[in-house]
Amino acid sequence: MSIISILLIFFILFLSIYIIYNRFCYFSKRSIPCPPVRSILFGHLSDLWSAKSYSEQLHQWTQQYGSVYGIFEGTRPVYVISDINFIEEIFIKQFARFHSRRVTLTNRVLGEKNFNVLTAHISQLWKKQRKILNPTFSGAKMRRLLPTINTCVNIFMERLTTQTTDGTIFNIYKIYKRLTMDVICRCAFGIDTNVQYDVYNENIYMKKVEELFAKDSERAFLAKIHRITAHTLLTNICPIIFRLKRYFRTKNSPIQANLWLMEHMHEFIQQRSTEEDHQKKSIDDLLQLMIDAVHSNKDQLLPTELLSNVFIVLAAGYETTSTALGYCTYRLALHQDIQEKVYEELREHWSANDNSYDTIMSKLTYMDLFVKEVLRMHPIAIQVVNRQCNEDTNVAGYDIQKDSLIQVDVLSVHYDQDLWGPEPVDEFCPERHSDKRHPLAFMPFGAGPRICIGMRFALMEIKLCLAQLISAYHILPSSSEGYKLNTEEQIVIAPEKVFVKLEKRI
Ligand code: HEM
């Protein structure tokens with residue numbers, strides 16, 4: 001080897017080390033604290049992926065490094081924030097510069113034409129979709145869906161009577177999953193999948209959606225590599241490899257389940273478009289509402305965008321809501337006094353025949369405080385509460401470079417004594433929500449213009465189900481001592497199981 005080649009190799013090596021070193025100085029140059037970097041390839045991702053819980057790890061670092069600190073995804077800087085003013089700047093005041101979330105491998109594989117309102121990272125695209133979809137989730141439209149949800153809850157109650165006899169301990173979370181799947185399939189596509197009666201676990205949609213959530217698709221090997229190459233010249237390499245892999249049909253990955261579901265959702269839309277106008281008029285589901293919204297809007301959605309949004313409603317509406325119901329039930333079993341207060345309120349203001357939207361959403365004020373406290377203590381989908389910086393800017397005195405990422409540490413916000421005192425933040429206390437708090441202190445559904453579009457839908461479903469359940473049954477913990485939940489974090493932070501006993505109220 002000539003001396004020139006050796007020098008060249010050394011030069012390239014030196015230059016690469018210099019560039020990487022320089023990248024890792026991003027936060028120290030800005031006097032922002034940063035945990036030690038243990039992997040020059042993955043940055044802090046190796047710590048986060050090996051931690052039991054991604055969100056707990058961020059929360060732990062916040063306690064060590066403060067309410068604004070930095071970590072690296074590969075060499076990409078990520079601001080982890082729980083400072084309320086910083087959050088307000090990003091999510092509201094400077095939203096135009098932070099309109100998108102992290103772009104994942106799934107987004108890249110599906111491509112721009114398949115973006116939905118959750119994944120769209122191009123401002124115009126997201127704005128157009130959100131504008132078209134917002135009316136679909138309005139209070140008035142939710143009112144129309146309430147009877148359908150009620151039908152599903154009635155089946156749920158029926159299943160409870162046949163599956164449980166007094167005193168039997170059982171995992172109610174499993175039954176909630178079937179309920180929310182039934183609700184979303186009926187409300188979104190008007191189809192009765194019979195999933196609540198599917199005792200042999202044969203429902204294919206249920207199976208595919210479970211696969212979708214079984215593993216965090218962002219932790220698959222290729223997705224991990226994508227996370228570190230996404231903002232380098234190698235950005236397209238992982239999507240290309242994935243497509244090749246798909247060609248050779250690798251089974252059971254969440255992305256495969258995603259593609260399978262998309263292909264089958266397509267059939268529903270096709271079927272709906274062949275129906276006569278007079279048939280469609282009698283249909284009250286989200287799909288039809290979306291189709292109507294598309295036609296009444298001059299910025300039309302592409303058929304692929306419509307499909308992708310139909311899919312995201314199914315995916316986002318299932319796991320999150322069943323998990324919220326699981327946590328609510330756990331808290332009711334644990335705090336019998338609070339359960340009695342919810343029950344008393346129901347006796348006073350609600351009857352099974354009066355399932356009006358206004359009663360459920362406005363009259364049950366203690367139920368509202370209770371659900372809020374559950375979601376404060378058990379926020380579910382907090383990894384998605386992130387924003388990407390699309391233009392260099394200054395936020396609260398910090399210079400933020402284009403392409404860096406902002407991740408909100410929601411756990412630290414929800415457990416901040418200054419925001420949630422004077423009662424200790426580890427105490428379950430629904431009443432604390434009666435006091436006026438900073439609007440961004442409560443972020444289970446995110447915040448700002450990109451807040452969860454299905455929030456109203458989810459709350460309606462949760463409250464209606466709890467109203468029926470608490471009126472009919474006394475919920476008891478499965479054990480009198482050490483009644484605890486084991487949780488695991490994939491895309492959502494979910495309990496493994498929620499064991500309870502039910503006793504019929506007289
Ligand atoms: C308890 C239940 C739910 C929780 C905790 C939850 C949580 C969240 C969170 C944290 C976000 C991110 C918001 C942000 O970045 O600021 C989000 C976005 C979203 N959620 Fe939900 N969600 C729930 C139920 C639902 C339901 C039932 C649907 C649909 C029917 C839904 C559809 C969506 C969509 C489409 C987005 C993306 C909105 C956008 O980017 O414009 N979610 N959700």
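Conventions adopted
- Residues numbered from 1 in each chain as written.
- Predicted model: local features only at pLDDT ≥ 70, side-chain atom pairs only at ≥ 80, totals over all residues.
- Heavy atoms only, no water.
- UniProt positions renumbered as here; feature names shortened; annotations may be inferred.
- Helix = DSSP H or I, 4+ residues; strand = E, 2+ residues; numbered from the N terminus.
- Buried < 20%, exposed > 50% of the residue type's maximum accessible area, 1.4 Å probe, protein only.
- Contact = heavy atoms within 4.5 Å.
- Salt bridge = Lys/Arg side-chain N within 4 Å of Asp/Glu carboxyl O.
- Phe/Tyr/Trp six-rings, centres within 6.5 Å; stacked < 30°, edge-to-face > 60°.
- Donors = N, O, S within 2.8 Å, 3.2 Å for Na, K, Ca; no water.
- Pairing = 2+ DSSP bridges.
- Axes fitted to C-alpha atoms, helices over the stretch in contact; angles between N-to-C directions.
- Near = heavy atom within 4 Å.
- Polar contact = N/O pair within 3.5 Å; in protein donor to acceptor, adjacent residues only side chain to side chain.
- Nonpolar A, V, L, I, M, F, W, Y, C, P; charged D, E, K, R; others polar.
- Parallel < 35°, antiparallel > 145°, perpendicular 65-115°, else oblique.

Under an unreviewed UniProt entry, the name given to the protein chain is Cytochrome P450, and the organism recorded is Adineta steineri. Looking at the Cofactor (unreviewed entry) heading of the UniProt record, one finds this comment for the protein chain: "heme".

Undergrad: Can you break down the side chain of Ser 308 residue by residue, with the values?
TA: Tracing the backbone shows Ser 308 in helix α16 (residues 303-334). The class of Ser 308 is buried, set by a relative accessible area of 0%. Apart from residues no more than four positions distant in its own chain, Ser 308 is found in contact with Asn 114, Phe 115, Asn 116 and Met 262.

Undergrad: Explain the pattern of salt bridges to me, using residue names and the numbers behind them.
TA: Tallying each qualifying case throughout the model produces 14 salt bridges. One salt bridge in this structure joins Glu 373 and Arg 376, with 2.9 Å as the shortest N-O distance. With a gap of 3 residues between them, Glu 373 and Arg 376 both fall in helix α19 (residues 365-377), about one helical turn apart. Comparing Glu 373 with Arg 376, the two get one shared label, buried. Each of Asp 368, Lys 372 and Lys 463 takes part in one network of salt bridges that share partners.

Undergrad: Just give me the short version of the packing of aromatic side chains, but keep the residues and values in it.
TA: A complete count under the given rule lists 14 aromatic pairs for this structure. Each ring, one from Phe 27 and one from Phe 72, has its centre 5.2 Å from the other, and the planes form 55 degrees; the classification is tilted. With a gap of 45 residues between them, Phe 27 in helix α2 (residues 26-29) and Phe 72 in strand β1 (residues 68-73) connect regions that are remote in the sequence. With respect to burial, Phe 27 and Phe 72 carry one shared label: buried.

Undergrad: I'd like a rundown of the coordination of the iron atom of the ligand, residues and numbers included.
TA: You will see that the iron atom of the ligand has only one donor from the protein, Cys 452 (SG), lying 2.3 Å away. One can find Cys 452 in the loop between α21 (417-420) and α22 (455-472).

Undergrad: Please provide a residue-by-residue account of the sheet that holds strand β2 (residues 76-81), values included.
TA: Strand order in the open sheet formed by 4 strands is β1-β2-β7-β4, and the pairing between neighbours is mixed. Unpaired on one side and paired on the other, β1 and β4 (386-388) mark the two borders of the sheet. Each strand of the sheet is rotated relative to its neighbour by a mean of 25 degrees, with strand direction disregarded. The pairing of β2 with strand β7 (residues 405-408) spans 4 bridges and is parallel. For Tyr 79, the partnering residue across the bridge sits in β7 and is Ile 406. Relative to β1, helix α4 (residues 54-65) is tilted by about 135 degrees, and along the sheet it contacts β1, β2 and β7. Its contacts with the sheet place helix α5 (residues 84-93) against β1, β2, β4 and β7, and it is angled at close to 120 degrees to β2.

Undergrad: With reference to specific residues and values, describe the environment of Ile 87.
TA: Inspection of the secondary structure assignment puts Ile 87 in helix α5. We classify Ile 87 as buried; its relative accessible area is 0%. Along the chain, Ile 87 and Ala 447 lie 360 residues apart, while their C-alpha atoms are 9.1 Å from each other. The residues contacting Ile 87, other than those within four sequence positions of it, are Ile 81, Ser 82, Ile 92, Val 408, Val 413, Leu 440 and Met 443.

Undergrad: Explain the pairing of β2 residue by residue, including any values.
TA: Burial within β2 is extensive, with 6 of its 6 residues counted as buried. On β2, burial covers both faces: Arg 76, Val 78 and Val 80 on one face and Pro 77, Tyr 79 and Ile 81 on the other are all buried. Pairing analysis gives 6 bridges linking β1 to β2, with the strands arranged antiparallel. Along β2, the bridge assignment pairs Tyr 69 with Val 80. Joining the antiparallel neighbours β1 and β2 is a turn of 2 residues, in which Gly 74 adopts a positive phi near 65 degrees.

Undergrad: Tell me what's going on with the site of the ligand, and back it up with residues and numbers.
TA: Near the ligand, the surroundings consist of 27 residues, among which Trp 126, Arg 130, Arg 387, Arg 450 and Cys 452 are the closest. Within the side chain of Arg 387, a nitrogen or oxygen atom sits 2.8 Å from an oxygen atom of the ligand. Separating an oxygen atom of the ligand from a backbone N or O atom of Ala 447 is a distance of 3.1 Å. Contributions of two or more residues to the shell around the ligand are made by α7 (123-133), α16 and α22. When residues in the shell around the ligand are grouped by element, the largest group, 6 residues, is from α16. For the shell around the ligand, a count of residues per class yields 18 nonpolar, 5 polar and 4 charged.

Undergrad: Break down the packing of α16 against helix α17 (residues 336-349) for me, citing the residues and quoting the values.
TA: Where α16 meets α17, the axes come as close as 5 Å, and the angle between the chain directions of the two elements is 110 degrees. Judged by the angle between their axes, α16 and α17 are roughly perpendicular. Between α16, through Leu 332, Ala 333 and Leu 334, and α17, the contact on the second element is made entirely by Gln 336, Gln 339 and Val 342.

Undergrad: Hey, could you go over the packing of α17 against α22 for me, with residue numbers and the actual values?
TA: For the pair α17 and α22, interaxial distance at closest approach is 10 Å and the crossing angle is 100 degrees. In terms of orientation, α17 lies roughly perpendicular with respect to α22. Here Gln 339, Val 342, Tyr 343 and Leu 346 of α17 lie close against α22, whose contacting residues are Ala 467, Ile 470 and Ser 471. Residue composition of the contact of α17 with α22, by class: 5 nonpolar, 2 polar and no charged.

Undergrad: Mind laying out the UniProt feature "binding site: heme" (unreviewed entry) in the protein chain, listing which residues take part and the relevant values?
TA: UniProt's feature table lists "binding site: heme" (unreviewed entry) at Cys 452, given in the numbering used throughout. Using a relative accessible area of 32% as the deciding quantity, one classes Cys 452 as partly exposed.

Undergrad: Pulling in residues and values, what's your account of the sheet that holds strand β8 (residues 473-477)?
TA: The sheet built from 3 strands is open, its strands ordered β3-β11-β8 with antiparallel pairing. Pairing within the sheet leaves two strands with one partner each, and these edge strands are β3 (170-171) and β8. Relative to strand β11 (residues 499-504), β8 runs antiparallel, the two being bridged by 5 bridges. Each residue of the ladder has a partner; that of His 474, found in β11, is Glu 503. Along the sheet face, α22 touches β8 and β11 and points at about 90 degrees away from the line of β8.

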